[in-house]
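# Structural description and commentary
One-letter residues, chain by chain:
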Amino acid sequence: MKKVSIKTKLVFFGSILMTVSAIILSWYFLTSASNLLRNELIKRGMEITHNLAYTSRDGILTENLFHELDSLIEAAMLNPDIVFVALLNKHGKVLAHTQPKEIGKSTRLNQCTICHGALAHTDPKKMSSVYRELTKKIFLSKDTVCLGEKEETIHFGGAVAISTDKKSLIEEAEGLDTEKPGVIGAVLLGISLKGIHVRTNNILKVSLGIILILVVIGIALSFFFSSRITTPIISLTKTSHAISSGDLGNRVEIKTNDEIGELAVSFNQMAENLKKAMDELSIEKKSLEQKVQKRTQELEEANIELKTRAEELESVNKELDAFTYSASHDLKEPLRGIASFSQFLLEDYADKLDDTGKNYLKRLIASAVRMKTLIDDLLALSRISRIKNPYTSVDSGKLVREAIKGLRAIIDEKGAKIKIDNELPFVFCDEVKIRSVFYNLISNAIKYNDKKCPEIEIGSDGQGADGAVFFVKDNGIGIKEEHFDDIFGIFKRLHGKDEYGGGTGVGLAIVKRVINDHGGKVWVKSTSGEGSMFCFNIPRN
Ligand SMILES: Nc1ncnc2c1ncn2[C@@H]1O[C@H](COP(=O)(O)OP(=O)(O)OP(=O)(O)O)[C@@H](O)[C@H]1O
Ligand SMILES: [Mg+2]
């Protein structure tokens, strides 16, 4: 919808109101003036007729013998508003007239053509009553009568009487007895309405001018007052726009003693409160920002510290790995010597040694063998971080099958049942190391199982947010919850060195290191006596 301002509306309604008021006032003024002028004219007509009736008595009595009536008519016709004048005797004979051809016509007043002309609308029978009325009027008020209006002319009639005898005059009037002395004739007069029309037209023109001026004044006043009303509202609107766009210091400059003034005061109060609240908020925000900045700085410092520590740790680990590798490597040679020479002693000097000596030598050889196994496992562990194979996308099912192939002998020996999920995913990894992960977990699942028929299941939950998640589940001896973390430590075993086929306790440490190197995690769920489930994930990248 098109936007129309309050000012436009006020000016529009103000102008309409002024125009309508001006028209009504002018109409009233015009009508009143017209009526006034008309009454004036009638009054004047009456006076003239009355004067004529009075001054024409002698002329009528002498039947215009000395043309006195003509002089009267001439004098009367000097008035430009008079259209005609007729003077008649009591028998209706026209003694003098503005139109000379009418003179001498003998007719009764009630049959007079002039009267007919004046009262054409009236029933001829009523003519007598007009005549009677004329006589009555003269006697009662010494006045004439207005006969009506025709063709822009008002007609007046007046009786010419000489008697002052009221009784005879009334009788004459009542009984229409024209033979009785008293009424001797009549005056008929016509006055033009044109003068009134001209003046009324002039008044109309003036009125139209006044209407125009009033309308112009009305529009100007509407403009003035609407400006006075709308200027504060516009100022209020502008200020509210400025405040809503962030300039909270803006205030309304209105000092009027009306509702808009009150509104402005309330508005300014509201803006003040808003500014206060915003200032408080801003201070709060600043302090919060400072706190966050401080914490961020602390965190950054802690991160740098952590990074430095991690780098130090990595370098120490590397050194340790290097040391483990070289120490293990270097230890292997003398160990091999100890084992070989002990074996030689046992074989070549068997007859010179008693049983205790032989027993000691056998235990020495066994310890050397075990130490070699330990060193080999340690070397295998240190190799995990040292050797970096390229990552490829591999079918994890294939890796599982290859691991099982390497464990075929123990599987057959234990009569274990292995179930592999059909839909094992492809993973992006170091396939040699992930194969060793499956190998270690499946080997443990078979090893730590006292059931007649060990059951092992290898599966995956498919690709998720954490990449591919795998599990190796068994129905073996299970692990107590308190050992869930320990078992991933190096050389950590929960059993005697010869129990469950023996071992060095390096297998799960290798698994953890491989999975960590791949960015994943390994964890265990288990119930002692019922079985365990080892899980790990390999992230997508
Ligand atoms: N599936 C399992 N069920 C029950 N216990 C387990 C299972 N797997 C591992 N363990 C426990 O965790 C210990 C550590 O296992 P790990 O594989 O590291 O060493 P190991 O099997 O003893 O020796 P290695 O694997 O080095 O030959 C084991 O000694 C065993 O006690
Ligand atoms: Mg193991």
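Since the model is a prediction, treat every value here as computed from it, not as a measurement.

## Re the UniProt feature "transmembrane region" (unreviewed entry) in the chain
According to UniProt, the "transmembrane region" (unreviewed entry) feature falls on residues 12–30 and 203–225. The annotated region residues 12–30 carries 100% helix and 0% strand content, and the separation between its end C-alpha atoms amounts to 27 Å. Overall, residues 203–225 shows 100% helix and 0% strand. The separation of its end C-alpha atoms is 31 Å.

## Quick notes on the pairing of strand β10 (residues 467–474)
Counting buried residues along β10, seven of its eight residues qualify, which places the element largely inside the surrounding structure. Sheet analysis places strand β9 (residues 455–464) next to β10, joined by seven bridges and oriented antiparallel. If you follow Gly459 over to β10, its bridge partner there is Phe471. Hairpin connection, β9 to β10: the antiparallel pair is bridged by two residues.

## Quick notes on helix α10 (residues 396–406)
Buried within α10 are the following residues: Ser396, Gly397, Leu399, Val400, Ala403 and Ile404. The buried residues of α10 all sit within an arc of 160 degrees when viewed along its axis, so they share a single face. For α10, the exposed residues lying more than 90 degrees away from the buried face are Lys405 and Gly406. Between the side-chain oxygen at the start of α10 and the backbone nitrogen of Gly397 there is a gap of 3.0 Å, and the oxygen is on Asp395.

## Structural notes on the packing of aromatic side chains
Under the defined criterion, the tally for this structure stands at nine aromatic pairs. Note on Phe341 and Phe344: the rings are 5.7 Å apart at their centroids and 85 degrees apart in plane angle, and the pair reads as edge-to-face. In this pair, Phe341 and Phe344 are both assigned in helix α8 (residues 259–348), three residues apart and thus about one turn of the helix distant. In this structure Phe341 comes out as exposed when scored by relative accessible area, which is 56%. Between Phe488 and Phe534 the ring centres are 6.2 Å apart and the planes differ by 75 degrees, which places this aromatic pair in the edge-to-face class. Of the two residues, Phe488 sits in the loop between β10 and α13 (507–517) while Phe534 sits in strand β12 (residues 531–538), which places them 46 residues apart along the sequence. The two residues Phe488 and Phe534 agree in class, both being buried. One cation-aromatic arrangement involves Arg386 over Tyr325; the distance from NZ or CZ to the ring centre is 3.7 Å.

Parameters at a glance
- Chains are numbered independently. Their residues run from 1 in the order of the written sequence.
- Working convention: letters from A go to chains and numbers from 1 go to ligands, in the order in which they are written.
- Only residues with pLDDT of 70 or above have their local features reported here, since the model is predicted, and side-chain atom pairs are shown and tallied only from 80 upward, although totals for entire chains, interfaces and linings are computed over all residues.
- The basis for every side-chain value is the complete set of non-hydrogen atoms in the structure, without hydrogens or water.
- UniProt positions are given in the numbering used here, feature names are shortened, and annotations may be inferred rather than shown by experiment.
- Strands here mean DSSP runs of E at least two residues long; helices mean DSSP runs of H or I at least four residues long; both are numbered from the N terminus.
- A 1.4 Å probe rolled over the protein chains alone gives each residue an accessible area, and that area as a share of the maximum for its type sets the label: buried under 20%, exposed over 50%, partly exposed in between.
- When DSSP finds at least two bridges between two strands, those strands are taken to pair.
- Directions are taken from the helix axis to each C-beta atom, and the arc is the one they span.
- Polar contact is defined as a pair of N or O atoms within 3.5 Å, subject to the rule that within protein one atom must be able to donate a hydrogen and the other to accept it, and that residues adjacent in sequence are counted only when both atoms are side-chain atoms.
- Put simply, two rings from Phe, Tyr or Trp (the six-membered ring, in Trp's case) pair if the centres are within 6.5 Å, and we call them stacked under 30 degrees between planes, edge-to-face over 60, tilted for the rest.
- In this scheme, the term charge over a ring applies when either NZ of a lysine or CZ of an arginine sits within 6 Å of the ring centre and within 35 degrees of the ring normal.

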